[in-house]
Amino acid sequence: MPHPFYKWKQVMTNNQPLISSKANIPFYRDERVLKIFAQILSVVLVAGILIWAIINFFKAADARNMTLTFGFLKESAGFPISNPPIDYAPVMSFSRAFLVGLVNTLLVSGLGIIFATIFGTLIALARLSSNWLLSRIALVFIEFHRNIPLLVLLFIWYFVVFGMAPQVKESLKWPGPIFVNKRGIYIAWPRLTETGGIFMILVAIGFLVSFIVFIMLRKRRKITGKDTYYLPASLGLLIIFFLFGLLLSGGTPFQMDIPYFEGNNFRGGMRLTPEFAGMFLSLSLYTAAFIAEVVRGGIQAVDKGQIEAARAVGLSQIQVLSFVIMPQALRIIIPPMISQYLNLTKNSSLALAIGFQEVFAVGKIAINQAGRAVPVFALIMLTYLSLSLLTSFILNIYNRRIQFVIR
Amino acid sequence: MYRKYFPVLAIFIVLALVLTACGSTEQPAGDEPAEAVSVEEDILGRVLDRGKVVCGGRTDLAGFGMLDENGRNLGFDIDFCRAVAAAVFGDPEAVEVVPLTAADRGPVLQTAEVDILSRNVTWTSSRDAQWGNFTNVMFYDGQGFMIRKDSGITSTDEFDGATVCVTSGTTTEQNLSDFFRQNGMEYEAVIFEETAAVYNAYEDGRCDVTTSDKSQLASVRSGFANPDDHIILDITISKEPLTPAVPHGDDTWFDIVKIVSFALINAEELGVTQANVEEMKSSDNINVLRLLGEEGDWGYTDLGLDPDALANAISAVGNYGEVYDRYMGPNGISFTLPRGPNYNWYDGGLIYAPPIK
């Protein structure tokens, strides 16, 4: 039996609705009006606070005679930068010094991201391995690196590990022309000779051509269904270009640049400074530990039934991993991975503790030498903001591509 | 897609606009000097309200700014802050020392976060214009080089290709690059923000050479495991007048701090020491009586201080020579550094102050 109220309600709605017209509701109780009002209020409040903060900032800066101009960027910097990756001398401008710092930041975070991703994934796989020893080693690695501050790790690598290297005059000479001492690791490195340019250009063209051939032939196989031998064909093309380049450059496109001792230091060769090596290693190992956990989480989130099904149809261990687990795990892995990449980039600003001069370290010196704290900090903020936004933009595009497509 | 990014982009654009706006509006043509705005700060008022002097110093340089075994701040630079506190409050302990790195000290003074910056700061014209008011040179120093004995280097002529450890944000850093440029030599700089890190790296062998003010090198060498393994070269490549500074904007405070430094120097000249301040109050030397506030007005009414403010300062830390000798004299707590140019002008040095009268 229906509720008596039901009947009453029906009667009421049939004859005259409860809410007859808008006119009955005062505006201060109308939900729509209130919503709009709340929006306006919050916008005014937020904008007001922002504007007040900005005005206050300008007033205070003005009163303290802290000039907010960027003109000083054109003046000569006057301070040295250790081992600049691009051409730099103290006579050059502050903006140049800043650029040197930026290149260093990009270098250490770019290489760090690549290494941390590869190494972190390997650690995650080791952690999930059924081999007890391997899995425990991975566990210890992860817990050690996740649970100590990055700064401590930096000091360990820089002052303890690299501090154990011998003095310059007692350099370790490893098999082959590799020298290790407190000033860094010196490795013999092939340098381009005068004719090397032609060789490099031809090899580059070779890569391009063989890549295009590879794609085209593979596409044809897909369409026609006949084997087009795309792999041997493109590889052969590459070798031909390589040999041709070698011939044109007279057989010696490279010359080994072997480090040698002169005066106070080693010269020549490829050099890895302890500052860069310490920064790179601690930054990427630290982040690798976090990435390993992200990857492990992603893999473990894949339904067990999927793996069992894949095994049941006879896929090998590697095939299960690359065709079944990874494509599904990536969807979960990518978003937290973006945060790890951003963290790594921003953490590189700790480098000033061990004398690696990336953008933050250079900025801090510039603050002191030019006495322009506010513009320099604004510049530093803008730099990291752009880097972070760029990283997440690129990765978000990738993320969208690998997500489920809902048809 | 764009919708999702809109808030982030909006913030980004606003920030960029603000930055370009302040870049363009305040810089009409090239590098026109910014309009000089006079600052009004009431530092003295704040000091009196607070009941103590906030002193920007350091805790990591033996002789100048360090801690004793009880964690009490002391050192040549710190004693100056204590003298000021004694002059203002009659109490040398009414001081709060804020340790600063070389790179931080400028902005901190600019924003008046400290009342006095006494942290072996070199007085330069650009710092005077930007940072604050520099009072009176308390230590005449110059930049030198320290090398390890076993490096085989004996003079700066052999510096080509050397690795040099240096502190960032210092005049030292600039002088170093000027020196090598002038002499047409190459070098590799290894730069740290923390003074301790610089000398760790140097002692460890990361660098052939380290460079700083000679007093600092002497101080640091005294703390090395084997001080005799290191030599400070005889060459001096710059002028480093180490000077306490106060923030811009309070003339009275600037005057007080300056006059305290004058008093310490005059006291040495007149033979007034920490021990004999009281008995010197009945001296027959008129200049001594004026210094100790027994005769005439040395300016205390206008500055709002007690007549015996300077006497208090002297009895708190001693005269200039006593402060120097306490830390760097023949039996100094920290190390021994010949006074050289830091003798009173009476004794052929550069330490000189206007008379107290």
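Residues numbered from 1 in each chain as written. Chains lettered and ligands numbered in written order. Predicted model: local features only at pLDDT ≥ 70, side-chain atom pairs only at ≥ 80, totals over all residues.

### Examining the overall build of chain B
A count of helical and extended segments in chain B gives 14 helices and 14 strands. Going through the 357 residues of chain B one by one, you find that 50% of them count as buried. In chain B, the share of contacts with a sequence separation of at least 24, taken over all contacts with a separation of at least 6, comes to 71%. (Helix = DSSP H or I, 4+ residues; strand = E, 2+ residues; numbered from the N terminus. Buried ≥ 20, exposed ≤ 12 C-beta atoms within 10 Å, placed from the backbone. Contact = placed C-beta atoms within 7 Å.)

### With respect to the overall build of chain A
Counting its secondary structure elements, chain A contains 12 helices and eight strands. Its C-alpha atoms give chain A a radius of gyration of 31 Å, more than 25% over the compact-globule value 22 Å for 407 residues. With respect to the three principal axes, the spread of C-alpha positions in chain A is 105 × 75 × 45 Å. A burial count over chain A gives 29% of its 407 residues as buried. (Rg over C-alpha atoms; globule rule 2.2 N^0.38 Å.)

### Details of the packing of helix α6 (residues 196-224) of chain A against helix α7 (residues 230-248) of chain A
Residue and element names in this part refer to chain A. Two numbers describe how α6 lies on α7: the axes approach to 8 Å, and their chain directions differ by 165°. Taken as axis vectors, α6 and α7 run roughly antiparallel relative to one another. Remark: the crossing between α6 and α7 carries right-handed chirality. Looking at the contact of α6 with α7 residue by residue, the classes come out as 19 nonpolar, four polar and two charged. (Axes fitted to C-alpha atoms, helices over the stretch in contact; angles between N-to-C directions. Parallel < 35°, antiparallel > 145°, perpendicular 65-115°, else oblique. Left-handed = near helix turned anticlockwise from the far one by under 90°. Nonpolar A, V, L, I, M, F, W, Y, C, P; charged D, E, K, R; others polar.)

### Quick word on the sheet that holds strand β2 (residues 178-181) of chain A
Residues and elements named next belong to chain A. With antiparallel pairing, the four strands of this open sheet are ordered in space as β1-β2-β3-β8. The open sheet terminates on both sides in strands that have one partner only, identified here as β1 (172-174) and β8 (270-272). Taking each pair of neighbouring strands and ignoring which way they run, the sheet shows an average axis angle of 20°. (Pairing = 2+ DSSP bridges.)

### A short note on the packing of helix α5 (residues 150-161) of chain A against helix α8 (residues 274-300) of chain A
Residue and element names in this part refer to chain A. Axis separation between α5 and α8 bottoms out at 9 Å; the angle between their running directions is 140°. Taken together, the axis directions place α5 and α8 in an arrangement best described as oblique. Read as a crossing pair, α5 and α8 show a hand that is right-handed. Residues L150, L153, L154, W157 and Y158 of α5 touch α8, and the partners they reach there are P274, G278, L281, S282 and Y286. Of the residues in the contact of α5 with α8, the class split is eight nonpolar, two polar and no charged.

### Overview of helix α3 (residues 76-89) of chain B
Residues spaced three or four apart along an α-helix point in a common direction, a consequence of the helix completing one turn every 3.6 residues. The end-to-end C-alpha distance of α3(B) is 20 Å, a good match for the 20 Å that 14 residues give at a rise of 1.5 Å each. Counting buried positions over the 14 residues of α3(B) gives 13, a clear majority of the element. (Expected span 1.5 Å × (residues − 1).)

### A few points about unusual backbone geometry
Trans peptide bonds make up the majority, and among non-glycine residues the majority have a negative phi. Residue and element names in this part refer to chain A. Even without being a glycine, N83 presents a positive backbone phi close to 45°. Considering the arrangement of structural elements, one finds N83 in the loop between α2 (31-63) and α3 (94-128). Judged by the 18 C-beta atoms lying within 10 Å of it, N83 is partly exposed.

### Points about the sheet that holds strand β9 (residues 162-167) of chain B
Residues and elements named next belong to chain B. Pairing is mixed across the open sheet formed by five strands, whose spatial order is β10-β9-β11-β8-β12. Whereas interior strands pair on both sides, the edge strands pair on one side only; in this sheet they are β10 (187-192) and β12 (230-232). In this sheet, adjacent strand axes meet at a mean angle of 30° when their direction is disregarded. Note: strand β8 (residues 143-148) against strand β11 (residues 209-213), five bridges, orientation antiparallel. Paired with M146 across the strands is T210, a residue of β11.

### Considerations on the domain arrangement of chain B
All names here are of chain B. Assigned domains of chain B: these are domain 1 (43-140 + 242-347) and domain 2 (143-238). Taking only C-alpha atoms, the centre of domain 1 and the centre of domain 2 are 30 Å apart. Opposite the 15 residues of domain 1 that make contact, domain 2 presents 16 residues. Across the side of domain 1 that touches domain 2, the residue classes tally to eight nonpolar, six polar and one charged. (Domains from an automatic or database assignment.)

### Some thoughts on the domain arrangement of chain A
Domain boundaries assigned for chain A yield domain 1 (4-56) and domain 2 (112-188 + 258-359). On a C-alpha basis, the centroid separation for the pair domain 1 of chain A and domain 2 of chain A is 56 Å.

### Details of the pairing of strand β1 (residues 53-57) of chain B
Residues and elements named next belong to chain B. Burial analysis of β1 places five of its five residues in the buried class, the great majority of the element. By the alternation rule, side chains of β1 split into V53, C55 and G57 and V54 and G56, which are all buried. Relative to strand β5 (residues 116-117), β1 is paired through two bridges, and the arrangement is parallel. Across the sheet, G56 pairs through a bridge with L117, a residue of β5.

### Some remarks on the pairing of β9(B)
Each regular strand carries side chains that alternate between the two faces of the sheet. Residues and elements named next belong to chain B. Among the six residues of β9, six are classified as buried, and the element is accordingly described as predominantly covered. By the alternation rule, side chains of β9 split into A162, V164 and V166 and T163, C165 and T167, which are all buried. Of the strand pairs in this sheet, β9 and β10 are connected by six bridges, and their pairing is parallel. The residue bridging C165 from the neighbouring strand is V190, located in β10. Taking the sense of rotation as the criterion, the β-α-β connection linking β9, helix α6 (residues 171-182) and β10 turns out right-handed. With two bridges connecting them, β9 and β11 associate as parallel partners. Note that in β11 the partner of V164 across the bridge is V209. (Right-handed = clockwise from strand over helix to strand, strands pointing away.)

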